[in-house]
Amino acid sequence: MAAIPLPSQPSPIQNSKMTYIKKVAESPGLTSVPSSYAFTPSPKDQAVSDEDPEDSIPIIDFSLLTSGTPDQRAQVIQELGQACKDWGFFKLINHGVPESLTEAVIEGIREFFNLTDEEKREFEGKNLLDPIRCGTSFNTSIEKVFCWRDYLKVVVHPEFHFPNKPAGFSELSLEYCERTRGVARELLKAISESLGLEPFYIEKVMNLDKGFQLFNANFYPPCPQPELAMGLPPHSDHGLLSLVTDNGIGGFQLQHNGMWVNVNAIPNSFLVNIADQLEILSNGKYKSILHRAVVNKKVTRISLVMTNGPSLDKIVNPAPELVNNGIDQPAYHGITYKEYFQCQQGNSLDGKGTLDRIRILIV
């Protein structure tokens, strides 16, 4: 299926005059949210529940995929497929990335955001595909209400880039990126099998040897009126698979059965969510998950999202093996990952709006 073009997007994504939210939050005497950060909550958005013990978020043991018996691996692949189908999300334990490395990278992120504004602006970036971009909110060039969030986004594969401050941060992050990329590729092998495809199908078709990996660090400082502000509004991720960790402070919520659910991370685990390119590739069998970041009044939350996607030049279509069976029809138009990325990141966050644009209406 040929790729379809999406509307072209302006390149600038950051208003250089914007003040970092860290500086806003540290303003003396700040007791209310500035109007430019005040979201208007709807009753639907305010309906939040904790995890239900009877319907809890699936937990996947990564070690059983890589070193379990054939029967254990087969069982985990079945559980993984069910998690992708029912939730689009799971918690990953025993993944092999040292906890000490994760903690050191999180501390490096904290030190980065503690740099002076002048130092951070050295890494500001102007365009969506600049290899290093530091900024605030999501897309300040077009947003009317800003997110209570500063960010650092770095392209770390197929070529590794990284800020040279603070000292040692780049070296730690290189190892972390390599290890998480390995975890993602193993997961994608198992997900391939869960779809009835051969293990290396996604790896080969999505050209993961040149896959796009993005290091997304988020800084959410305390907010005087957290019920009025938003760290990041509801959205799905643009890649294939995202691996999320944080500094142990809650704030990640996902949508399940129409309800927002507070996600409680297991120590030294990854929160893993299906992203849009995997929804396209699976022809909607596995759907990307809507999630958001909320803020709190007392402490800073730091999160790190490792986005793992196809190569940027890859046209992503529904897998022919999943539609050429005489029953299912392609549910999405093909599109290059680069074009999809630019469209989603070049607009305001709008749920799954970019995916909806390439969805095929089947009568």
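Owing to the predicted nature of the structure, the values given are computational and were not obtained by experimental measurement.

*Asks:* Break down the overall build of the protein chain for me, with residues and values.
*Replies:* Along the backbone of the protein chain there are 12 helices and 15 strands. Its C-alpha radius of gyration of 20 Å places the protein chain within 12% of the 21 Å reference for a compact globule of 363 residues. Across its three principal directions, the C-alpha atoms of the protein chain cover 65 × 45 × 45 Å. By the burial criterion, 53% of the 363 residues in the protein chain qualify as buried. Within the protein chain, counting contacts between residues at least 6 apart in sequence, those at least 24 apart form 81% of the total. Counting only carbon and sulfur atoms, one obtains 51% of the accessible surface of the protein chain, whose full area is about 15,400 Å². Averaging the positions of the 33 positive and the 43 negative side-chain charges in the protein chain gives two centres separated by 5 Å.

*Asks:* Could you give me a rundown of the packing of aromatic side chains, with the residues and numbers involved?
*Replies:* One pass over the structure, following the stated rule, counts 12 aromatic pairs. Ring centres 5.9 Å apart and planes at 50° place the aromatic pair Phe112 and Phe123 in the tilted group. You can see Phe112 sitting in helix H5 (residues 99-113) and its partner Phe123 sitting in the loop between helix H6 (117-121) and strand E4 (132-136), a full 11 residues away along the chain. Residues Phe112 and Phe123 agree in their burial class; the two are buried. Ring geometry for Phe169 and Phe215: centres 6.2 Å apart, planes at 75°, overall edge-to-face. Of this pair, Phe169 sits in helix H7 (residues 169-194) while Phe215 sits in strand E6 (residues 213-220), placing them 46 residues apart in sequence. There is no split in this pair, since Phe169 and Phe215 are both buried. These aromatic residues form a ring-pair network of at least three members: Phe112, Phe113, Phe123 and Phe219. Residue placement shows Lys120 over the ring face of Tyr20; its charged tip is 4.7 Å from the ring centre. Sitting over the face of the ring of Tyr151, Lys153 holds its NZ or CZ atom 5.1 Å from the ring centroid.

*Asks:* Quick one: what's the story with the sheet that holds strand E3 (residues 89-93), residue by residue and with numbers?
*Replies:* Within the open sheet, the eight strands sit side by side as E2-E3-E11-E8-E13-E6-E5-E4. Their pairing is mixed. In the strand order of this sheet, the two ends are held by strand E2 (59-61) and E4, each with one partner. Strand-to-strand, the axes of this sheet are offset by a mean angle of 25°, without reference to chain direction. Pairing of strand E5 (residues 150-157) with E6, which is carried by seven bridges, proceeds in the antiparallel orientation. Residue pairing in the sheet places Asp150 in a bridge with Phe219 of E6. Together, E4, E5, E6, strand E8 (241-246) and strand E13 (301-308) form the strand contacts of H5, whose direction differs from that of E13 by roughly 115°.

*Asks:* Can you lay out the nonpolar core for me, pointing to particular residues and giving the numbers?
*Replies:* Among the nonpolar cores identified, the biggest contains 66 residues, and Ile109, Leu152, Ile191 and Phe215 are the most heavily contacted of them. Among the elements that make up this core, the one with the highest residue count is H7 (nine residues). Apart from the residues within four sequence positions on either side, Ile191 is in contact with Leu80, Cys84, Ile202, Leu241, Ile274, Leu278 and Tyr286. Core analysis: the next-biggest nonpolar cluster, separate from the first, contains 16 residues, Ile21, Phe146, Leu232 and Val295 among them.

*Asks:* Give me the pairing of E3: which residues, what numbers.
*Replies:* Within E3, four of the five residues are buried, leaving the element largely enclosed by the surrounding structure. Here E2 pairs with E3 via three bridges, running parallel. Of the residues in E3, the one forming a bridge with Asp61 is Ile93. For E3 and strand E11 (residues 270-274), the ladder comprises four bridges, and the chain directions are antiparallel. By the bridge assignment, Lys91 is partnered in E11 with Leu271.

Conventions and cut-offs
- Residues numbered from 1 in each chain as written.
- Predicted model: local features only at pLDDT ≥ 70, side-chain atom pairs only at ≥ 80, totals over all residues.
- Heavy atoms only, no water.
- Helix = DSSP H or I, 4+ residues; strand = E, 2+ residues; numbered from the N terminus.
- Rg over C-alpha atoms; globule rule 2.2 N^0.38 Å.
- Buried < 20%, exposed > 50% of the residue type's maximum accessible area, 1.4 Å probe, protein only.
- Contact = heavy atoms within 4.5 Å.
- Areas by Shrake-Rupley, 256 points an atom, 1.4 Å probe, with all protein chains shown as cover.
- Lys, Arg positive; Asp, Glu negative; His and termini not counted.
- Charge placed at Lys NZ, Arg CZ, Asp CG, Glu CD.
- Phe/Tyr/Trp six-rings, centres within 6.5 Å; stacked < 30°, edge-to-face > 60°.
- Lys NZ or Arg CZ within 6 Å of the ring centre and 35° of its normal.
- Pairing = 2+ DSSP bridges.
- Axes fitted to C-alpha atoms, helices over the stretch in contact; angles between N-to-C directions.
- Core = buried A, V, L, I, M, F, W, Y, C linked by side-chain atoms within 4.5 Å.

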